[in-house]
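Letter by letter, the chains look like this.
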Amino acid sequence: MRRRLVAGNWKMNGTAGDLQVAARVADSSADARCSVVICPPASLLDRMSAQVSGSPVETGGQDCHAARSGAHTGDISAPMLADAGASFCIVGHSERRLAHGESNDQVLAKAQATISAGLTAILCIGETGDERRSDTTLAVTRAQLAECIPPGATHRELVIAYEPVWAIGSGQTATDAQIAEVHRFIRQVCGEIGGPDLAGNIRLLYGGSVNPANASRIFALEDVDGGLIGGASLKADDFLEIIGAA
Ligand code: PEP
């Protein structure tokens, strides 16, 4: 049985006062039957990790540098995230790929660094609107998986988040049929890359405008093991409803 996972990506949102959102989520998640992760901005990671310690809520980084340390002004490494209490790190989010020009090679290096630091990588993949319209979604997805999954990665070290770029922050959720098709395909390609153990056990999250109204429907789809939640993870009530749906 794959344990469901709901991860919140706060993006560049949140200052000290917003830690009360994580506190409420931690307090209300004692009986959660899924894994819960919050990925705050790096400035809050240490404090949030301490705050949720002892609850089922875990924390994660939103990105990391591929190197352990060095002359990389403004960057943060995976060992630093671990030192700040993180257990997860998002890599390859489309906002990093698009706004920072991250290639599949760079995302692979970040996923490897994440795993080497003892964290679980949440690897984001997904097609742009143009790619969907030109019917290349599955080809793009296959290439991202083939080029970004670290060789030998296990289901404990890696989670895949399918996030159609056009669905992120747009209020335009992918249809059930679109999600089901791509998730089935991702599991098949994971099998080709990592064998039946990876295919059967890796958790596949859907991300893109998940909210309390659509979460139950999406999480009920075959091959969907939870969600990566942006905007709705910033409000404790909404995030808790989504956790409840999982
Ligand atoms: C995301 O940024 O990973 C995301 C899924 O955002 P939203 O839920 O706001 O679409």
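It should be noted that the structure appears before, not after, this text.
Owing to the predicted nature of the structure, the values given are computational and were not obtained by experimental measurement.

Student: Is there a simple way to explain the pairing of strand S7 (residues 203–207) in this structure?
Tutor: Here is the key point about a regular strand: its side chains alternate between the two faces of the sheet. Burial analysis of S7 places five of its five residues in the buried class, which makes it a mostly covered element. Residues of S7 alternate between two faces, with Arg-203, Leu-205 and Gly-207 on one and Leu-204 and Tyr-206 on the opposite face, all of them buried. Alignment of strand S6 (residues 158–162) against S7, held across four bridges, turns out to be parallel. By the bridge assignment, Ile-160 is partnered in S7 with Leu-204. Here two bridges tie S7 to strand S8 (residues 226–229), and the two strands are oriented parallel to one another. For Gly-207, the partnering residue across the bridge sits in S8 and is Leu-228.

Student: Explanation requested: the pattern of salt bridges in the structure shown.
Tutor: All told, the structure shown has 14 salt bridges when counted by the stated rule. The closest approach of N and O atoms between Asp-238 and Lys-235, which form a salt bridge, is 3.9 Å. Through salt bridges with shared partners, one network takes in Arg-2, Arg-187, Asp-223 and Asp-225.

Student: So what exactly am I meant to see when it comes to the layout of surface pockets here?
Tutor: To locate leftover empty space, one rolls a probe as large as a water molecule over the atoms. Approximately 540 Å³ is the volume found for the largest pocket. Considering only residue class, the lining of the largest pocket consists of 10 nonpolar, seven polar and five charged. For the second largest pocket, the calculated volume is near 240 Å³. In terms of lining, the second largest pocket is formed by 19 residues, of which the most central are Gly-169, Ser-209, Val-210, Gly-230 and Gly-231. Looking at the lining of the second largest pocket residue by residue, the class counts come to six nonpolar, 11 polar and two charged.

Student: How should the packing of helix H5 (residues 104–116) against helix H7 (residues 137–148) be read in this particular structure?
Tutor: For any two helices packed against each other, one specifies the crossing angle of their axes together with the interaxial distance. For the pair H5 and H7, the least separation of the axes is 8 Å and the interaxial angle reads 45 degrees. Put simply, H5 runs oblique to H7. In the packing of H5 onto H7, the handedness of the crossing is right-handed. In contact with Asn-104, Val-107, Leu-108 and Ala-111 of H5, H7 contributes Ala-143, Gln-144, Glu-147 and Cys-148. Considered class by class, the residues forming the contact of H5 with H7 number five nonpolar, two polar and one charged.

Student: Would you mind going over the site of the ligand with me for this structure?
Tutor: Neighbouring the ligand are 14 residues, the closest being Lys-11, Glu-163, Gly-169, Ser-209 and Gly-230. Side-chain polar atom of Lys-11 to an oxygen atom of the ligand: 2.6 Å apart, as the coordinates give it. Within the contact set of the ligand, an oxygen atom lies 2.9 Å away from a backbone nitrogen or oxygen of Gly-231. Notes on the ligand: free accessible area 290 Å², of which the protein chains cover 95%. At a threshold of 2 Å from the grid points, most atoms of the ligand map onto the second largest pocket. Classifying every residue of the shell around the ligand gives four nonpolar, eight polar and two charged.

Rules used throughout
All residue numbers refer to position in the chain's written sequence, counted from 1. Per-residue local features of the predicted model are confined to residues with pLDDT of at least 70, and side-chain atom pairs are confined, for both listing and counting, to 80 or more; whole-chain, interface and lining totals are unaffected and use all residues. By convention in this description, side-chain values take in all heavy atoms of the structure and omit both hydrogens and water. Think of it in three bands: with a 1.4 Å probe and only protein chains considered, a residue is buried below 20% of the maximum accessible area for its type, exposed above 50%, and partly exposed in between. A run of H or I in DSSP counts as a helix once it spans at least four residues, and a run of E counts as a strand once it spans at least two, with each numbered from the N terminus. Strand pairing is assigned whenever DSSP identifies at least 2 bridges connecting the two strands. By salt bridge we mean one thing: a side-chain nitrogen of Lys or Arg within 4 Å of a carboxyl oxygen of Asp or Glu. Put simply, the grid is 1 Å and covers the protein atoms alone, a cavity is a trapped set of points that fit a 1.4 Å probe, a pocket is an open set with protein on both sides within 12 Å along at least five of seven lines, and lining residues have an atom within 4 Å of a point. Grid points are joined across faces, edges and corners, and a volume is the space filled by probe spheres set on the points. Under the scheme applied, nonpolar residues are Ala, Val, Leu, Ile, Met, Phe, Trp, Tyr, Cys and Pro; charged residues are Asp, Glu, Lys and Arg; polar residues are all the others, including Gly. For helices, the fitted line uses only the C-alpha atoms of the stretch in contact; every axis is such a line through C-alpha atoms, and the angle between N-to-C directions lies from 0 to 180 degrees. For classification purposes, an angle smaller than 35 degrees is called roughly parallel, one larger than 145 roughly antiparallel, one from 65 to 115 roughly perpendicular, and anything else oblique. Take the far helix as your reference; a near helix turned counterclockwise from it by less than a right angle gives a left-handed crossing, and one turned clockwise gives a right-handed crossing. Contact between two residues is taken to exist if any of their heavy atoms lie within 4.5 Å; hydrogens are not considered. The cutoff for a nearby residue is simple: one of its non-hydrogen atoms must lie within 4 Å of the molecule or strand. Polar contacts, as counted here, are pairs of nitrogen or oxygen atoms within 3.5 Å of one another; within protein the pair requires one atom able to donate a hydrogen and one able to accept it, and residues that are adjacent in sequence qualify only if both atoms are side-chain atoms. Here the accessible surface of atoms and residues is derived via Shrake-Rupley with a 1.4 Å probe, and residues count as covered only by protein chains that are part of the display. For this analysis, a molecule is said to be in a pocket or cavity if more than half of its atoms are within 2 Å of the grid points defining it.

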